[in-house]
Each structure stands twice: as C-alpha cells, then as structure tokens.
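# What the coordinates show
Here are the chains, one letter per residue:
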Amino acid sequence: MSGKIRFAPSPTGYLHEGHLLSALYVWAAAKKWGLQIHLRIEDHDQGRARPEHIAAIREDLQWLGFKWQSESIQSAHFDSYAKILEALQQKGLVYPCYCSRKELEEQNPKNQYGEIIYQGKCDGEQPLDAPHSLRIKVPDKVINWHDLRLGDFAENPKLQCGDFPIQDRHGCWTYQFAVCVDDIQESITHVVRGEDLLSSTARQIALMEILGRTDPPKYLHHPLIVDASGKKLSKREKSHSIREDRDAGILPQELLGRVLFKSGLIPNPAPASLEYALELTSRQL
Ligand code: GLU
C-alpha cells in the first residue's frame, strides 16, 4: 500500500502521554502499511496556539526518536481557507450564526457525545452587524464509513450535529474546516487518531464531499489512555507534559514504557525502545 498519514497535534499546550500514544499508532500504521508520515501543526485557533508549543512539538518528537517526511502548519494555509470559504459562500452553502454560546446550549438538543445538534435557527436570517460564526449547510444524508478497528458506521451529520461552524465568532477557522481542507490539499490517505474524535468523522467526510473529495481517507480511531478506574486522562494528567518528564531527567525509553503500560500493551511499566513500542502498537492495528 502507498499513501500518506498525518500526525496533527494542536500547539495549545505541550505534548502529553495521550499524544505519545497517538504518535505510536500513527508511526506503527505508517510502518505496517508503507505510508509517508506528515507532521501537521494544527494552529487554526490563533487565540490558543503558542509559538513555544509549536517548537516543543518538533523537539519532543525528535527527542523520542520519531522521524517524519514532510511537515506543514495551518497558519500558512489561511489564505487558501479564505478562498475556499468564498467559493462556498458564492454557492450559498454558508450562513452567519448570531447565537451566543448560552443560546446554543439552551435552544438545541444534544447528541450522545454531549455536543449540540444545531437546529438551524440563523439559516435564512437577515444579516446583522453583530458578532457571528459562519456555519456550513450540511446535506441531510447518511454517511456510511468504515473504521479499520471499530467497523461500520452510518451517521447523518444533519441529525448528529446539524450545520456546524467553519469559522468561530472571533474569526478563527474551526478544527473541522481546517482539518478537512488540509486532509484534501495534503493528499492524506490515512487518518489514525484517538477515539475522542470519533464523532467528527462523518461530518468531516460530508464536508470533504462538499469540497470535492469523494474518496475520503481510511480511518482508524485508537483507544485512549485510561486511568485505573477506566476514565479518560484527567485535565491534571493531561497538563503533565512530556517536556516536564524530560526536564526531570526521565529517558524516552521510560516514558514509552509508561505509555505502553497505561494503554494495557505491557503488564509492567518497564522501559521500552521506540522500535519495540511500535512493534507492540502495530499488533493492535
Ligand atoms: N489537532 C487535533 C488534536 O490535537 C487532532 C486532529 C486530528 O487528528 O484529526 O486533537
């Protein structure tokens, strides 16, 4: 098989153990399936991205021994996002939404992931001179897609989340929009990421279809690191970064062993080489 997979962290903080597990899955998949690896720094949210975190992503990955073939950063794509938005607007596929966060919460039902299902209140409203996000009109149709680990899904984004924002009230490009444009323009053939992004996949396939890509990437959503009680990593554990461990003198092999242990891939937190960690992760694919 040939193609391209991406690792796409957001520079809104330092990399943590959850990112390391994702990286192991991405690199293991690349090795197993013969894919090029692309590092994409997802700094679409200019309010939260920090230069020190951008630099740290590269440094921490290199320190751990990961290598990649190409690299991009979303802020270099903003002109191209704007052109694509203009084309969507000309087709009448985008509308401003003036609802506040509170109104959105109060006036819309929620899906099983706790996200609102936007009911289209601002669709067809007269334009106002007021803060607004921009929503894309999603077609009312079922998206059938296959996860390489979890099997088949049939989801209708119109019912699952409704028309969703492609630009937020502060003028920032949203994750959903930026990731779709980039996965198309960077010719990404495989997306391997955590299960926390499972709910995004159908809407991303729908958006990519609107943008003209009808053969979506292949998807695999991997399990997340859980604590002893089976809960996802807490905010506190997430804020505990690879950088801190590194500064405290912990070696890459110890950190890799810890992540393998926490994800149930080895019975004890014994040090592991990157090669061994990738070999073990590869067996999960
Ligand atoms: N930037 C996203 C994150 O850090 C990941 C995007 C993706 O893999 O689709 O959670």
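What comes next concerns the included structure.

Within strand 9 (residues 190-194), five of the five residues are buried, which leaves it mostly tucked inside the rest of the structure. Pairing between strand 9 and strand 10 (residues 218-222): five bridges, direction parallel. Each residue of the ladder has a partner; that of R193, found in strand 10, is H221. Following the backbone out of strand 9, through helix 7 (residues 201-210) and into the adjacent parallel strand 10, one traces a crossover that is right-handed.

A word on the environment of Q74. Here Q74 lies in the loop between strand 3 (70-73) and helix 3 (78-90). Q74 gets classed as buried once you look at its relative accessible area, which sits at 0%. The sequence separation of Q74 and A8 amounts to 66 residues, and the corresponding C-alpha distance is 10 Å. In contact with Q74, not counting residues within four places along its chain, are R40, I41, E42, D43, H44, Y81, A178, V179 and D182.

Okay, the environment of A206 next. Mapped onto the secondary structure, A206 falls in helix 7. Sequence separation between A206 and D43 is 163 residues; the distance between their C-alpha atoms is 23 Å. When residues no more than four places from it in sequence are discounted, the contact partners of A206 are I143 and P157.

This next bit is on the side chain of H221. Positionally, H221 belongs in strand 10. Of the polar contacts made by the side chain of H221, one reaches the side chain of T201; its length is 3.0 Å. Contact partners of H221, with chain neighbours within four places excluded, come to W145, D147, R149, L150, R193, G194, E195, L197, L198 and T201.

R6, A8, P9, S10, E42, Y175, V179, R193 and L197 make up every residue found near the ligand. Contact between the ligand and R6: an oxygen atom at 2.8 Å from a side-chain N or O atom of the residue. Contact distances for the ligand include 2.8 Å between an oxygen atom and a side-chain N or O atom of R193. In the complex, the protein chains occlude 80% of the 300 Å² of accessible area that the ligand would expose alone.

Rules used in this analysis
- Residues numbered from 1 in each chain as written.
- Predicted model: local features only at pLDDT ≥ 70, side-chain atom pairs only at ≥ 80, totals over all residues.
- Heavy atoms only, no water.
- Buried < 20%, exposed > 50% of the residue type's maximum accessible area, 1.4 Å probe, protein only.
- Helix = DSSP H or I, 4+ residues; strand = E, 2+ residues; numbered from the N terminus.
- Pairing = 2+ DSSP bridges.
- Right-handed = clockwise from strand over helix to strand, strands pointing away.
- Contact = heavy atoms within 4.5 Å.
- Polar contact = N/O pair within 3.5 Å; in protein donor to acceptor, adjacent residues only side chain to side chain.
- Near = heavy atom within 4 Å.
- Areas by Shrake-Rupley, 256 points an atom, 1.4 Å probe, with all protein chains shown as cover.

Fair warning: the whole summary comes from geometry, so function is off the table for now.
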